[in-house]
Amino acid sequence: MYSSEFDGASLFSGGGFMPSQATQFNDSGFSPAKSRANQCTLQLTVKQISDADQASDDKSNFIIDGVDVNSVTLVGMVTNKVEKITDVNFTLDDGTGRIDIHRWVNDAAESNQLADVTNGIYVRVTGQLKGFQGKKQIVAFSVKPVTDFNEIAYHFIECMYVHLYNVKLQQISGSVHPQTVPGMSNSFQNGPMGHQTPISNKFPGYLVDAGSDFDQMVLTIFHEPENLAKESGVHVDTIVERLGVPRNKVMASINYHTDNGNIYSTIDDYHYKSTING
Amino acid sequence: MDTSSPAVLVNAELLKMYVGKRVRAVVMVMRIDGGSIIGQSTDGHQLTIKGSQPFPLSTFIEVIGIADTNQSIRAEICTDFGDKIDTSTYDRVCQLANGEFKSLFV
């Protein structure tokens, strides 16, 4: 682990990046694209991290409230601080639990900053949550002493907010399908006509609400190009002849189509014409 | 990772539920009585903090320790929180941390 981190740091430092940036880059390991996709920093308590599911045995795949966790920020008390030349380790106690914090030190400025971090003080830690040798730990890129102690209550309020936000988000996205499906089937049950009639007006032709098969046959006659071309439309008797059915049955169908706006009467009560050209 | 001994955020009202357990509370120092600090909790009640080093009056301190009785805490760690603490916010956080959002804390 040390050598790979070192390579990453020296690589970016050599490229002229600021050291603090280099730390961030090498913290995200060698899959920057993946890490950057969820750079969102979550406010968490140690208890939440402790309860988190590890999605796979991969080093940085934790899920809290259904959200992939990478960057986290915690506020708590520093205990068991151990200072080495290249890194500083301590245990953060936020009152809900304790978690190991690991901070690589790249230059004198960073080590001076960490000199202020002593056992018993409150700090805000921001870093990447990682699983290391079966233990969860945070590889920090920022450790800042808390100076206004309202920040502790504020942090917990943020934790609650983030928790609530993510849980509600899951509920909404999780229930989209069950909610939409009954909603749609209801609209079809309640009004197939209501839904299709407007369509027939927009897209005349065979999409119209033609009713039964017989009504469809009647309408097909009205839709024949030669009948559409006639100014006076089609006589009822023409349809009776064509279909060989009783006149009253044809009239019933014509009334149906008239009511639905598919045809209209022209020169008298016996001539009807389709609305689709009109 | 160790969540075996959490220190629950409490006010005086919630302290009663945790007698014998590890708690933490913010109190304002009212007076020093022998080896104890008499302080005011975030919900306005009087709490006795035993075994703490003295602090100046009117400062807020955070006490982490074992709830001794309904009204006293045996201190393990006391932290000076200065003199600008929004007690009503802290009190509300205590209530939420023991209520709706308990799963985040203990």
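Residues numbered from 1 in each chain as written. Chains lettered and ligands numbered in written order. Predicted model: local features only at pLDDT ≥ 70, side-chain atom pairs only at ≥ 80, totals over all residues. Heavy atoms only, no water.

Engineer: When you look at the sheet that holds strand β10 (residues 234-235) of chain A in this model, what are you seeing that I'm missing?
Structural biologist: Where strands meet in a sheet, backbone hydrogen bonds hold them as pairs that are either parallel or antiparallel. All names here are of chain A. Strands sit in the order β10-β12-β11 across an open sheet of three strands; the sheet is antiparallel. A single partner strand is all that each edge strand has here, and the edge strands are β10 and β11 (263-265). Relative to strand β12 (residues 271-274), β10 is paired through two bridges, and the arrangement is antiparallel. Each residue of the ladder has a partner; that of H235, found in β12, is H271. With respect to the sheet, helix α9 (residues 213-223) is in contact with β10, β11 and β12, its orientation differing from that of β12 by roughly 85 degrees. (Pairing = 2+ DSSP bridges. Helix = DSSP H or I, 4+ residues; strand = E, 2+ residues; numbered from the N terminus. Contact = heavy atoms within 4.5 Å. Axes fitted to C-alpha atoms, helices over the stretch in contact; angles between N-to-C directions.)

Engineer: Looking at this model, I keep getting lost on the interface of chain A and chain B. Mind explaining?
Structural biologist: When the parts of a complex come together, some accessible area is lost, and that lost area is often taken as the interface size. Listed per partner, the contact involves 28 residues of chain A and 29 residues of chain B. Of the roughly 2,300 Å² buried between chain A and chain B on both sides combined, carbon and sulfur atoms contribute 64%. When the buried surface of chain A facing chain B is broken down by residue, A:R98, A:F149 and A:M160 rank first, second and third, together holding 27% of it. There are one salt bridge connecting chain A and chain B. Its salt-bridge partner being A:R98, residue B:D2 comes within 3.0 Å of it at the nearest N-O pair. Here chain A is connected to chain B by eleven residue pairs in polar contact (both at pLDDT 80 or more). Counting residues per element, the ones that place at least two in the side of chain A that touches chain B are α4 (46-51), β7 (98-104) and α6 (150-174) of chain A. Per-element accounting of the side of chain A that touches chain B gives the leading share, nine residues, to α6(A). Grouping the amino acids of the side of chain A that touches chain B by side-chain chemistry returns 13 nonpolar, eight polar and seven charged. (Buried area = accessible area lost by both parts, 1.4 Å probe. Salt bridge = Lys/Arg side-chain N within 4 Å of Asp/Glu carboxyl O. Polar contact = N/O pair within 3.5 Å; in protein donor to acceptor, adjacent residues only side chain to side chain. Nonpolar A, V, L, I, M, F, W, Y, C, P; charged D, E, K, R; others polar.)

Engineer: Explain the nonpolar core here, please?
Structural biologist: Burial of nonpolar side chains together is a common tendency in soluble globular proteins. By size, the foremost hydrophobic cluster in this structure holds 45 residues, and its most contacted members are A:Y122, B:L9, B:V10, B:I49, B:V63, B:F81 and B:F105. Not counting residues up to four positions away in its chain, the partners in contact with A:Y122 are A:G76, A:M77, A:K144, A:P145, A:V146, A:F149, A:I152, B:R24, B:E62, B:I64, B:T79 and B:F81. Membership of the second largest hydrophobic core comes to 27 residues, among which are A:V69, A:L74, A:F90 and A:V123. (Core = buried A, V, L, I, M, F, W, Y, C linked by side-chain atoms within 4.5 Å. Buried < 20%, exposed > 50% of the residue type's maximum accessible area, 1.4 Å probe, protein only.)

Engineer: Before we go on, may I ask you to explain a nonpolar patch on the surface in this structure?
Structural biologist: Residue and element names in this part refer to chain A. There is a patch of nonpolar side chains on the surface, built from Y161, Y165 and L169 and spanning about 350 Å² of accessible area. With respect to the element layout, L169 can be found in helix α6. The class of L169 is partly exposed, set by a relative accessible area of 40%. (Patch = residues over 30% accessible without salt bridge, like charges linked within 9 Å, V, L, I, M, F, W, Y side chains within 5 Å. Areas by Shrake-Rupley, 256 points an atom, 1.4 Å probe, with all protein chains shown as cover.)

Engineer: I'm lost on the confidence of the model for chain A in this one. Help?
Structural biologist: In regions of low pLDDT, the predicted coordinates are not meant to be interpreted in detail. Residues and elements named next belong to chain A. Mean pLDDT over chain A: 76, with 69% of residues reaching 70 or higher. Below pLDDT 50 for its whole length, residues 1-37 participates in 38 contacts with residues either more than four positions away or in separate chains. This model gives residues 177-207 a pLDDT under 50, and the stretch forms 14 contacts once residues within four places in sequence are excluded. (pLDDT = per-residue confidence, 0-100.)

Engineer: Sorry if this is basic, but what is going on with α9(A) here?
Structural biologist: Three or four residues apart is the spacing at which side chains of an α-helix point the same way, because the helix has 3.6 residues per turn. Inspection of α9(A) places A:F214, A:D215, A:V218, A:L219, A:I221, A:F222 and A:H223 among the buried residues, and these make up the whole buried set. Of the surrounding secondary structure, the elements contacted by the buried residues of α9(A) are α10 (225-229), β10, α11 (236-243), α12 (247-259), β11 and β12 of chain A.

Engineer: I keep staring at the pairing of strand β3 (residues 36-41) of chain B and nothing clicks. Help me out?
Structural biologist: As a general feature of sheets, a regular strand has side chains that alternate between the two faces. All names here are of chain B. Burial of β3 is extensive: five of the six residues sit out of reach of the surface. As defined by bridge partners, strand β2 (residues 22-33) adjoins β3 across six bridges and the pair is classed as antiparallel. Residue pairing across strands places V29 opposite G39, the latter belonging to β3. Where β2 hands over to β3, the hairpin turn is made up of two residues, of which G34 adopts a positive phi near 65 degrees. Pairing analysis gives five bridges linking β3 to strand β4 (residues 46-50), with the strands arranged antiparallel. Paired with Q40 across the two strands is Q46, which belongs to β4. The turn joining β3 and β4, which pair antiparallel and follow one another in sequence, is formed by four residues; a positive phi near 85 degrees is taken by G44.

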